[in-house]
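Chain by chain, the residues run as shown.
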Amino acid sequence: MFQKFKNWFWLEKFWLPPTIKWSDLEDHDGLVFVKASHLYMTIPYALLLMIVRYFFEKFVATPLANAFGIRKAVHKIKPNAILENFFKHSTSQPSHNDVYGLAKKCNLTERQVERWFRSRRNQDRPCRMKKFQESCWRFTFYLMITVAGVVFLYDKPWAYDLWEVWRDYPKQPLLPSQYWYYILEMSFYWSLLFSLGSDIKRKDFLAHVIHHLAAISLMSFSWCANYIRSGTLVMLVHDVSDIWLESAKMFSYAGWKQTCNALFLIFSIVFFISRFIIFPFWILYCTLILPLHYLEPFFSYIFLNLQLMILQGLHLYWGYFIMKMLNRCIFMKSIQDVRSDNEEEEEEEEEEEENEEDTNSKGREYLKNGLGTNSHLIPNGQHTR
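Residues numbered from 1 in each chain as written. Predicted model: local features only at pLDDT ≥ 70, side-chain atom pairs only at ≥ 80, totals over all residues. Heavy atoms only, no water.

### Observations concerning the overall build of the protein
Link 1 in the chain: Looking only at helices and strands, the protein has 13 helices and 0 strands in total.
Link 2 in the chain: Here the protein holds 385 residues, and the buried ones make up 45% of them.
Link 3 in the chain: The contacts of the protein with a sequence gap of at least 6 include a subset with a gap of at least 24, amounting to 79%.
Link 4 in the chain: Accessible surface computed for the protein: about 21,900 Å², of which carbon and sulfur atoms make up 62%. (Helix = DSSP H or I, 4+ residues; strand = E, 2+ residues; numbered from the N terminus. Buried < 20%, exposed > 50% of the residue type's maximum accessible area, 1.4 Å probe, protein only. Contact = heavy atoms within 4.5 Å. Areas by Shrake-Rupley, 256 points an atom, 1.4 Å probe, with all protein chains shown as cover.)

In structure tokens, the structure reads:
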């Protein structure tokens, strides 16, 4: 049964142009061609990247975060069995009636109950340190893989002449640089997919899952069908903008707002040029229109472009969020990731309330002790000079 499915799955009509057989892509005369078995290595490499990431975040990202003044937040709250039980078994966002009832049970004010729940929610939320570590790791990888991509492609004719992408297709031998570029990129996306459970969850979590799966599927399919030349161009176009996004996030978490804004503006420009100009009018033109001058439409040609269309749809989705953030940057002079929850706003509100309460308690103590050391009361309507 399995053998029948395997034979059906690898039928030439699904993967190759008409008249081309798998035997035509066998290694010969020192030329190496792509093989599906090459992709098995992406899984162990992904696990290796996760190990590298752990040590990178511990010994590189964390000291760098400390140098920027980022510390791991510690939210201290007073233990309260009643509130803790309600938080775990009912809801973390109590209604006004719930707050009123809990305040009566615990002999607390409603404001104290609200602050307790806010502090308790913040305990379960990722701190700036973790966010910085994630962005620092991604920035480092995107920077390295983009530099590697430029080095691999700068002397390749298909990087400048799109007709060269399809010359001699599919009988195009695999270059060592193409092998490592693909394997590392795919391994990285596998590692991101494996770490989704432990990474920070945002509002576009589902879009990230779809994106990672689509990226892995697209790279795997393009590898097996030997769309390597167009695949390397797609990867470079995507990686070049992600560098600026992750660097902007790093400076945002560090509190360098002006630097963050400048980097985000650069990212936006690069993103819209690469994803809305270069990708549709250069990459899609290369994969959708140019092959028809050489070949009749066949299954893998249709499936490849269908996946690229889905990818372009995700570009539109993220472009919408970027426009919202640009609006904040231009008109509100600040950038906040609109995909995030409001935990940072709640943390700041909590800190303000704590400072206000400390000030009020000091004021009460000040009045209790007779207005300080002078103990001179000021009659109503009179002011010191």
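### Section: empty space enclosed by the protein
Link 1 in the chain: Per the stated rule, a full pass over the model turns up 4 cavities of 30 Å³ or more.
Link 2 in the chain: By volume, the largest cavity is sized at about 190 Å³.
Link 3 in the chain: Contributing elements (two or more residues each) for the lining of the largest cavity: helix 8 (176-194), helix 9 (205-224), helix 10 (228-254) and helix 12 (299-332).
Link 4 in the chain: Considering only residue class, the lining of the largest cavity consists of 10 nonpolar, 6 polar and 1 charged.
Link 5 in the chain: Every residue along the wall of the second largest cavity is listed here: Phe152, Leu153, Lys156, Ser177, Gln178, Tyr181 and Thr232. (1 Å grid on protein atoms, 1.4 Å probe; cavity = no way out; pocket = protein on both sides within 12 Å on 5 of 7 lines; lining within 4 Å. Points joined across faces, edges and corners; volume = space filled by probe spheres on them. Nonpolar A, V, L, I, M, F, W, Y, C, P; charged D, E, K, R; others polar.)

### A closer look at the nonpolar core
Link 1 in the chain: With 68 residues, the main nonpolar core has Trp223 and Tyr227 as its most contacted residues.
Link 2 in the chain: When residues of this core are traced back to their parent elements, those giving at least two are helix 2 (12-15), helix 3 (42-67), helix 7 (128-153), helix 8, helix 9, helix 10, helix 11 (257-288) and helix 12.
Link 3 in the chain: Excluding residues within four positions of it along the chain, Trp223 makes contact with Val34, Lys35, His38, Leu39, Leu174, Gln178, Tyr179, Tyr182 and Ile228.
Link 4 in the chain: Of all hydrophobic cores here, the second largest spans 15 residues; its members include Leu263, Phe267, Phe271 and Leu314. (Core = buried A, V, L, I, M, F, W, Y, C linked by side-chain atoms within 4.5 Å.)

### Examining the environment of Glu296
Link 1 in the chain: Residue position: Glu296 is located in the loop between helix 11 and helix 12.
Link 2 in the chain: Glu296 sits 278 residues away from Pro18 along the chain, and the two C-alpha atoms are 8.2 Å apart.

### Remarks on unusual backbone geometry
Link 1 in the chain: The omega torsion of the bond from Tyr169 to Pro170 falls at 0 degrees, within 30 degrees of zero and hence cis.
Link 2 in the chain: Take Pro170: it is sitting in the loop between helix 7 and helix 8.
Link 3 in the chain: Located in the positive-phi region is Asp29, a residue other than glycine, with phi close to 55 degrees.
Link 4 in the chain: Relative to the helices and strands, Asp29 is located in the loop between helix 2 and helix 3.
Link 5 in the chain: Among the residues examined, Asp29 registers a relative accessible area of 74% and is labelled exposed.
Link 6 in the chain: Look at Asn107: it is not a glycine, yet its phi comes out positive at around 60 degrees.
Link 7 in the chain: Along the polypeptide, Asn107 turns up in the loop between helix 5 (96-106) and helix 6 (110-123).

### Considering the pattern of salt bridges
Link 1 in the chain: Taken as a whole, this structure holds 8 salt bridges when the rule is applied.
Link 2 in the chain: Arg53 is paired through a salt bridge with Glu57; the nearest N and O atoms lie 2.8 Å apart. Highlighted residues: Arg53 and Glu57, both in helix 3, separated by 4 residues, approximately one helical turn. This pair shows no difference in class: Arg53 is buried, exactly as Glu57 is.
Link 3 in the chain: Across the salt bridge formed by Glu246 and Lys249, the nearest N and O atoms sit 3.8 Å from each other. Taken as a pair, Glu246 and Lys249 lie in helix 10 at a separation of 3 residues, close to a single helical turn. (Salt bridge = Lys/Arg side-chain N within 4 Å of Asp/Glu carboxyl O.)

### A few points about helix 4 (residues 81-89)
Link 1 in the chain: The set of residues buried in helix 4 consists of Leu83, Glu84, Phe86 and Phe87. Angular distribution of buried residues about the axis of helix 4 spans 165 degrees; they occupy a single face of the element. Opposite the buried face of helix 4, by more than 90 degrees, sit the exposed residues Ala81, Lys88 and His89.
Link 2 in the chain: One side-chain oxygen at the N-terminal end of helix 4 lies 3.2 Å from the backbone nitrogen of Ile82; it belongs to Asn80. (Arc of directions from axis to C-beta. Polar contact = N/O pair within 3.5 Å; in protein donor to acceptor, adjacent residues only side chain to side chain.)

### Section: a nonpolar patch on the surface
Link 1 in the chain: Judged by side-chain polarity, Leu48, Ile51, Val52, Tyr54, Phe55, Phe59 and Val60 come together as a nonpolar surface patch covering roughly 680 Å² of accessible area.
Link 2 in the chain: With respect to the secondary-structure elements, Phe59 resides in helix 3.
Link 3 in the chain: On the basis of relative accessibility, which here comes to 54%, the residue Phe59 falls in the exposed class. (Patch = residues over 30% accessible without salt bridge, like charges linked within 9 Å, V, L, I, M, F, W, Y side chains within 5 Å.)

### Overview of the environment of Ile278
Link 1 in the chain: Note on placement: Ile278 falls in helix 11.
Link 2 in the chain: In this structure the C-alpha to C-alpha distance between Ile278 and Val237, which are 41 residues apart in sequence, comes to 7.7 Å.

### Some remarks on the packing of aromatic side chains
Link 1 in the chain: By the definition in use, this model includes 45 aromatic pairs.
Link 2 in the chain: Here Phe251 and Trp256 contribute two aromatic rings whose centre-to-centre distance is 5.5 Å and whose plane-to-plane angle is 50 degrees, an arrangement assigned as tilted. (Phe/Tyr/Trp six-rings, centres within 6.5 Å; stacked < 30°, edge-to-face > 60°.)

### A word on the side chain of His315
Link 1 in the chain: Structurally, His315 can be placed in helix 12.
Link 2 in the chain: A relative accessible area of 1% places His315 in the buried class.
Link 3 in the chain: Not counting the four nearest positions on each side in its chain, His315 is found in contact with His238, Phe271, Arg275, Phe276 and Phe279.

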